Each structure stands twice: as C-alpha cells, then as structure tokens.
Amino acid sequence: MLRTVVPKNARSKRALEARAPKEIESERTAIFVRGSHTGDVLNSAMKDLMLLKRPHAISFSKKNIIHPFEPDGISSLEFWSNKNDATFFVVGTSTKKRPNSLTLVRTFDGKVLDMCELGVTKFVPMEAFKTKKSTPGYKPLMHFASPLFDTHPRLMQLRSLLLCLFNGEAIDSIALAGIEHVISVQLGPLPTTSTSTPAAPLPGSIDDDLLLFPQIFIRTYTLALKSSSTRVPYIDLVPMGPSLDLVLRRHLQADPVLLAESLKRPKLAKKDVESGLGDKKKMRNKEVDEMGDLRGRVHIAKQDLSKLQTRKVKALKKSWEEMDVDEEDVQMNGIGQETDSVPRKRRRNE
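Computed from a predicted model, the values in this text were never measured in an experiment.

### Brief notes about the pattern of salt bridges
Per the stated rule, a full pass over the model turns up nine salt bridges. Two residues, Glu117 and Arg250, come together in a salt bridge whose shortest N-O distance is 3.0 Å. On the criterion of sequence distance, the pair formed by Glu117 in strand β5 (residues 111-124) and Arg250 in strand β10 (residues 243-252) is long-range, its members being 133 residues apart. The shortest N-O distance in the salt bridge between Asp150 and Arg159 comes to 3.9 Å.

Structure follows, in structure tokens:
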C-alpha cells in the first residue's frame, strides 16, 4: 500500500501540487551523474551537454558507484528521481569493455521507463569554437537528418530521448528571432563488411547487431540572421559546439504497461485547459490569456447613456437663448395635445 503524503502547511501543499501530474507538463529536469570511473573526455562532454540543458539541469559533483542496467543502479536512479523531482538522467561511466559511455535514462512516475547507452568516440568541446554562444534557457531547433530516425526502432528510441532532453516545453509556434541555436543529429555511412561488399541496409529489428549501425553525429550551431532581398532573412549556421561522434550500445526497452500509462491523456483537450476549464465544473466567462493571467467577463444590462451623469462643466451648459428655443420647439410640437403646465424659467436680470 502506498503511503499518502498529507501536507502540513501551505508551502508543502504548493510543493506537492507542483509535482502532481499536469495536462501540459513543464520542462524536464535532467540530472548529470558521474560514475566511479570517468575520463577527461567524458567529463567534458557531460559538462557541455549540461550547458545546453541549463537552467533545467542538476549536476552531481561527487562520483557515484552506479551501473544503470543493473537492479541496484535502477533503484538508485528511481530514488534520485523522486528526491529531486527529475525525470531524466545522463549517466557517464567508463570501463575497459565499454569506455566513455553516456547513458540516457528516462523515468515516469518515479520509475525507470527506458534507457539507451551511447559510446563517445570523438569529442570537440565548446571551448574549441571561438564563436558566439546561445543564451541559456532558449528552446533549440532539433534536426534529425535521416529517415532511419522515423523507421528503425533503435533510432526512434534515441530520437525520442534526445527530444526529451533538449526540446524543452511544447509550444505551438515560435518567432524566428527566438531561435538562437540548432542541434543537428546526423548519421554516418553504413559500415561495410569488406572493401568489395557494399553496405547492406539495416533489417529494422530492435535486436539488430550493433556493428550494422552507422555512427551518430551531434553538431550544434548558432543562427546568424542576415539581410536578404525578401522579407525572410538569410540564415547562416555558425558552429558553436559541442561536437560528438557516438555509437549505439546497450538499451532497455520500455515496459508495455508503464509505457501505456505514460501515454494516457485526460479527457480535456489542451485548448480547454488553457481556457480555464476544469474536470468537474466549467468556469464560465473566464479565460487565460497568452501571459497566463486569468481574465473574467462581466455581463450587465444595457445602459441609457443619455441619462449618464458626467462632470458638470460650465462651458457645456446651455445658455438662456438655447433654452428658450428648445421650449418653443416643445410647445409647437405639442399643439393639440394635453400637456402639463410647466412654468417657464425666467431670465436672470443682470
């Protein structure tokens, strides 16, 4: 039986509500964990990846004895996920059999959902590129330059993990000036068995031999907007770093039951949530604007503006001559009709 946490004060209640499931989830917080043995290449790679993830990144400075694919390692990851309210991990480990390994781990509801291990074969740090860097917290433009990312199960899993790591919050549209950097993920040529035999296509199974997969190249660029002959500016890609060459290694597929639970959607649509509608009772005449403020609409009866009392200004008062003309018009229009005798105002003698 799960323990029910009851908040003791308003502060703890707000903290529990922030961790509760939402229709529109906030950006994932990633934890960067160093294993017991890591080299300079792996430490620099994790440091630069954390710079791209800021400010939603947590770094464990101390080394941890962790093996992500073992039951003890999975238990440690789930404990850190619940403690830090984080749903993504980047674990760096290095052994003689698998040197310079980066493991991408995704969690759901405090449990490990799936993971993928990548080997770093070549790394160029961000410091090597003497160019302008992007602003922390900006949403990057993700580019996957291969149809295999949409067809092969292993590469589809890697694409999904990279999108969860870097893509940030889900938005409907973005201005061109709001895109500062691009993360491009490309595939190298397929490996050949010999010099005379051409490269064979991937069979497309989840259990394909890792030697059949091409290398994965991750490149980061900044956007330089330049003038052009049209309204759309000319865009130039400037290398920013980091630059990584990766190979696929071990992986862990998501449990079907847990995966189906993570893909569930509530009955309300996204537009209904943004407009302020709830599950039990609809909030009428209320809506949420683009800035996230709740605005209400008040309906009142039609007003007679002719009887509206405004500020009395001497310059707007009618003169005695205008009042006499108005009374004569009333008398002429009321000929043959019974009217109440209204005493005529006398002109004030100066």
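### Overview of the environment of Glu25
By the element assignment, Glu25 lies in the loop between α1 (10-19) and β1 (30-34). Distance in space between the C-alpha atoms of Glu25 and Glu169 is 7.6 Å, their sequence separation being 144 residues.

### Let's talk about the side chain of Asn100
Mapped onto the elements of the fold, Asn100 is located in the loop between β3 (88-93) and β4 (101-108). Taking relative accessible area as the criterion, Asn100 reaches 18% and is therefore assigned buried. Residues in contact with Asn100, not counting those within four places in the same chain, are Val41, Leu42, Thr93, Ser94, Leu118, Gly119, Val120 and Arg249.

### Digging into the environment of Asp85
Locating Asp85 in the fold gives a position in the loop between α3 (71-84) and β3. Through-space distance from the C-alpha of Asp85 to that of Arg19 is 7.0 Å; in sequence the pair is 66 residues apart. Look past the residues within four positions of Asp85 in its chain and what remains in contact with it is Arg19, Thr29 and Trp80.

Rules and cut-offs
Residues numbered from 1 in each chain as written. Predicted model: local features only at pLDDT ≥ 70, side-chain atom pairs only at ≥ 80, totals over all residues. Heavy atoms only, no water. Salt bridge = Lys/Arg side-chain N within 4 Å of Asp/Glu carboxyl O. Helix = DSSP H or I, 4+ residues; strand = E, 2+ residues; numbered from the N terminus. Buried < 20%, exposed > 50% of the residue type's maximum accessible area, 1.4 Å probe, protein only. Contact = heavy atoms within 4.5 Å.

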